[in-house]
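Given next are the chains, with one letter for each unit.
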Amino acid sequence: MSSWRDRFSQMSGRTRFVVCRLMLHLAGQEVAPVLGVLNRAARQAMESDGDLQVLGEGLVEVCQTLLQNDLYWQTAANEGDVFWNEGEAGDFVTDLFTDSAQRYLSEPDLSQSPEVEPLTLPVTRNLVVMITVAFTGEVPELETDLASMEAMTAALKALINLHYQGNLRAIQVHFSPAQLGDELTSDQLLLNFAELVPL
């Protein structure tokens, strides 16, 4: 629903920035391969030094992987805001980035070689993926409550489209646990991701 401020800003030709974060919790013994995709995307993002094109390609791979694993989706949450000032949008991106990075076990160790994966490591049954983006324009699929399978599916597809349309201004993907061998228990999930609601 657009406010009077939205309409006024449209008339004056100002750029509309949207910043949003979605969280998706997957559960089951089969979530470990998803963790591999996330770590690979994180490594590529670090090596590219934040190149938006590389980050976008990683985001597309992450979204496609999540869509292919919708059988394991359990809970979700999302938040966001609209800005007419790029600086204010950037500050909100930073706030969400900091919050996501401080979530339980959400810092990947990118110094480890991806080939070193001892078979004795415990495999987590819970995985929370946090995607924060900033984009220009309007995307109704991302500016709504995502607490349903249909809404989350539409949102992930919209993120993919935003990359191909070239409308993304910032992309950040965090995940917990971030490393193979770390475990996110059900109690830790409730404590550290209290905003998640069943899909």
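Residues numbered from 1 in each chain as written. Predicted model: local features only at pLDDT ≥ 70, side-chain atom pairs only at ≥ 80, totals over all residues. Heavy atoms only, no water.

Student: Sorry if this is basic, but what is going on with the nonpolar core here?
Tutor: Generally speaking, a soluble globular protein has its nonpolar side chains buried in company with each other. By size, the foremost hydrophobic cluster in this structure holds 44 residues, and its most contacted members are Leu22, Leu66, Ile131, Phe135, Leu142, Leu156 and Leu159. At the level of elements, β1 (17-27), α2 (32-47), α3 (52-68), β2 (73-83), β3 (126-136), α5 (149-165) and β4 (168-176) are the ones that each hand at least two residues to this core. For this core, the element with the most residues is α5, which contributes 8 residues. Here Ile131 is in contact with Cys20, Arg21, Leu22, Leu59, Val62, Cys63, Leu66, Leu156, Leu159, Gln172 and Val173, once residues within four sequence places are set aside. (Core = buried A, V, L, I, M, F, W, Y, C linked by side-chain atoms within 4.5 Å. Buried < 20%, exposed > 50% of the residue type's maximum accessible area, 1.4 Å probe, protein only. Helix = DSSP H or I, 4+ residues; strand = E, 2+ residues; numbered from the N terminus. Contact = heavy atoms within 4.5 Å.)

Student: Sorry if this is basic, but what is going on with the pattern of salt bridges here?
Tutor: Side-chain pairing between opposite charges can occur once the charged atoms of the two side chains come close. Within the structure shown, the criterion is met by 6 salt bridges. In this structure, the salt-bridge partner of Arg16 is Glu143, at a minimum N-O distance of 2.9 Å. Linking Arg16 in the loop between α1 (4-11) and β1 with Glu143 in the loop between β3 and α5, this pair joins segments that are 127 residues apart in sequence. A relative accessible area of 9% means that Arg16 is categorised as buried. Judged by relative accessible area, which is 31%, Glu143 ranks as partly exposed. One salt bridge connects Arg40 with Glu61, and the closest N-O pair in it is separated by 2.3 Å. Note that Arg40 is positioned in helix α2 and Glu61 in helix α3, a separation of 21 residues in sequence. What makes Arg40 partly exposed here is its relative accessible area of 37%. In this structure, a network of salt bridges that share partners links the residues Arg21, Glu79, Asp99, Arg103 and Glu195. (Salt bridge = Lys/Arg side-chain N within 4 Å of Asp/Glu carboxyl O.)

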